[in-house]
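Chain by chain, the residues:
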Amino acid sequence: MEPTPFYVAGRQDVSDEVVDIRHPFDGAAVGRTSYATPDQVERAVAAASSVAAEAAALPAAARAAALDHVSRTLAERADEVARLITAENGKPLKWARAEAARAVSTFRWAAEEARRFSGELQRLDTDPAAAGRMAVVRRFPRGPVLGISPFNFPLNLVAHKVAPALAVGAPIVVKPAPATPLSALLLGSILAETDLPPGMFSVLPVPNDRAAALVADPRLPVVSFTGSGPVGFGIREAVPHKHVTLELGGNAAALLCSDWSALEDLDWAAQRIATFSNYQAGQSCIAVQRVYVHEWLEDAFLPRLIAAVEGLKTGDPADEGVDVGPLISEDAARRVESWVDEAVASGATIAVGGRREGATYPPTVLTGVPAGAKVLAEEVFGPVLVVERVTDDAAGFAAINDSAFGLQAGVFTRNLQTAFTAHRTLQVGGVIIGDVPSYRADQMPYGGVKGSGVGREGLRSAMDDYTEPRVMVLTGL
Ligand code: NAD
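Residues numbered from 1 in each chain as written. Predicted model: local features only at pLDDT ≥ 70, side-chain atom pairs only at ≥ 80, totals over all residues. Heavy atoms only, no water.

**Student:** Before we move on, can you summarise the side chain of Ser183 with the specific residues and values?
**Tutor:** Inspection of the secondary structure puts Ser183 in helix α6 (residues 182-191). The exposure class of Ser183 is buried, given its relative accessible area of 2%. Within the structure, the side chain of Ser183 is placed 2.5 Å from the side chain of Glu88, a separation counted as a polar contact. Setting aside residues up to four positions removed in sequence, Ser183 forms contacts with Leu84, Ile85, Glu88, Pro154 and Leu155. (Helix = DSSP H or I, 4+ residues; strand = E, 2+ residues; numbered from the N terminus. Buried < 20%, exposed > 50% of the residue type's maximum accessible area, 1.4 Å probe, protein only. Polar contact = N/O pair within 3.5 Å; in protein donor to acceptor, adjacent residues only side chain to side chain. Contact = heavy atoms within 4.5 Å.)

**Student:** Could you give an account of the sheet that holds strand β22 (residues 467-474), with specific residues and numbers?
**Tutor:** If you trace the three strands from one edge of the open sheet to the other, you get β5-β6-β22, paired in antiparallel fashion. Either end of the sheet is taken by a strand with one partner, and the two such strands are β5 (120-123) and β22. When the angles between neighbouring strand axes are averaged without regard to direction, this sheet yields 30°. Sheet analysis places β5 next to strand β6 (residues 134-141), joined by four bridges and oriented antiparallel. Across the sheet, residue Arg123 finds its bridge partner in β6, namely Met134. (Pairing = 2+ DSSP bridges. Axes fitted to C-alpha atoms, helices over the stretch in contact; angles between N-to-C directions.)

**Student:** Outline the nonpolar core, listing residues and values.
**Tutor:** Counting 76 residues, the largest nonpolar core has Leu67, Leu74, Phe107, Val162, Leu187 and Leu204 as its most contacted members. The biggest single contributor to this core is helix α4 (residues 93-116), with nine residues. For Val162, the residues in contact, after removing those within four places along its chain, are Phe107, Ile172, Val174, Leu187 and Leu191. (Core = buried A, V, L, I, M, F, W, Y, C linked by side-chain atoms within 4.5 Å.)

**Student:** Let's hear about the packing of aromatic side chains: which residues, and what values?
**Tutor:** Enumeration according to the criterion identifies six aromatic pairs in this entry. Consider the rings of Trp95 and Tyr279, whose centres lie 5.3 Å apart with planes at 70°: the pair is edge-to-face. One end of the pair, Trp95, is in helix α4; the other, Tyr279, is in the loop between α9 (263-278) and β13 (290-294), with 184 residues separating them in the sequence. Ring geometry for Phe151 against Phe381: centres 5.9 Å apart, planes inclined by 85°, an arrangement best described as edge-to-face. With a gap of 230 residues between them, Phe151 in the loop between β7 (145-148) and α5 (156-168) and Phe381 in the loop between α12 (374-377) and β16 (384-390) connect regions that are remote in the sequence. Ring-pair connections join several aromatic residues into one group, and the members of that group are Trp95, Phe276 and Tyr279. Against the face of Phe153 rests Lys91, its NZ or CZ located 4.1 Å from the ring centre. Positioned above the aromatic ring of Phe153, the side-chain terminus of Arg102 is 5.6 Å from the ring centre. (Phe/Tyr/Trp six-rings, centres within 6.5 Å; stacked < 30°, edge-to-face > 60°. Lys NZ or Arg CZ within 6 Å of the ring centre and 35° of its normal.)

**Student:** Account for helix α3 (residues 78-89), naming residues and giving values.
**Tutor:** With 12 residues, α3 extends 16 Å from end C-alpha to end C-alpha; this agrees with the ideal 16 Å at 1.5 Å per step. Of the positions making up α3, those classed as buried are Val81, Ala82, Ile85, Thr86, Ala87, Glu88 and Asn89. The secondary structure elements touched by the buried residues of α3 are β3 (18-22), β4 (29-34), α2 (60-76), α4 and α6. Phi for Gly90, located one or two positions after α3, is positive at around 85°. (Expected span 1.5 Å × (residues − 1).)

**Student:** I'd love a proper account of the pattern of salt bridges, names of residues and values included.
**Tutor:** Two side chains carrying opposite charge are able to pair once their charged atoms lie near each other. Applying the stated criterion across every chain, the model contains 29 salt bridges. Between Arg97 and Glu320 there is a salt bridge; the shortest N-O distance is 3.0 Å. Within this pair, whereas Arg97 is found in helix α4, its partner Glu320 is found in the loop between α10 (298-310) and α11 (330-345), the two being separated by 223 residues in sequence. We note a salt bridge from Glu337 to Arg355, for which the minimum N-O separation is 3.3 Å. With Glu337 in helix α11 and Arg355 in the loop between β14 (349-352) and β15 (364-367), the pair connects residues that are 18 residues apart, well separated along the chain. Taken together, the shared-partner salt bridges in this structure form one network comprising Glu330, Arg334, Glu337, Arg355 and Arg356. (Salt bridge = Lys/Arg side-chain N within 4 Å of Asp/Glu carboxyl O.)

Okay, here's the thing in structure tokens:
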């Protein structure tokens, strides 16, 4: 099998450091790529740096046309794209299709935002001494962006770095996750069809030491990182003078408030929570990991939740109709197994569950989990859900906040006052009312507080992030 080429300054390249990519479900080789050598990395960074001024001056029409081309092509090739995501990542086809559709929308939004991104005028004559003065505030790219992405959304999280960079006219160097580079390389092949100046993008599969060298390179002043906390905070510490955005892990919670008692509401919540604690085998930073249930609802809710979880179909992710596939590796599944075993050894009960088979871990619901157990306190990143009882809504909010993370929370309520209290009280980047915390629309600001990160993605937020405002004061108007 020939290695799929990577992209150095917009042009295809390969190296002798060949890497096989394996299907997480059965270990079959699904593709091959190669690592960019230090020389190739140098060419990519030098090109990004030298094209930066030209890129910043590209007309919005040219940027938007390139972004529209990517969006349209991804839509035309959606089935192929989804199958590639499933092959390298192991997520069920239906979730891979959802990811491909989101990437289409991410690029389309970026094209629209590129056309709108204009800055603002500010009056300065509010002070009598400044009569006749006016400020023009425009945002200019900070410089080339380094985008580092994780394995769990191998296409759309790359899109969330590439699309806003191109929308503002910033060159970008992408470093995809080692287990899942193929979707990013496919994206590279579509970008190569556009009229963008060649130095504007590179897609470089590299080992982590070469990635660390990219982080340290002063010619890439912006680092947009999505991945785990230790790596992310390590990057921020290594380059405190750079503009670093961190999109990190979570242990997202949902709360069933006291008013969420109609039987059809409980059915909906059970279905949504079962689905979104197990989608992508729980490998999403906003998968539901903790559920807090008002105590008077627990007897009605728990059997519904268990039935919904038992209704999920586990198996080969390439089979239509499969809900839960493997984790990214057998090691990852073993870790999840050991965390569940630890919780059970310290008193937790398994309400639904089963045995691990290779990289596949069955959807699991735990009750009676003692505080401090890893499945409650840390990011499980697997198909495991902890259910806890709370005495009132305020106790639910406090329980959600009792976490080292703060990405998103889901609050099942129809009470407007409760919704506003949740919005004000919860220490997270997003509160989803009437649904699970796992909802994300690609245009909305997205990110976390505490251990979940620094800064926000989402098209407009990332475009703000990749640029800085520069003021021009006009006098004598
Ligand atoms: P990871 O931290 O292991 O790897 C992320 C990326 O960083 C990979 O491309 C990896 O090769 C690279 N990397 C590792 N060491 C590096 C170094 N020293 N310098 C530069 N780059 C380095 O994360 P992962 O296992 O791929 O992804 C799972 C994590 O990502 C979870 O914690 C999950 O919650 C988080 N995540 C967060 C979001 C979000 O938007 N907040 C979205 C998806 C995933």
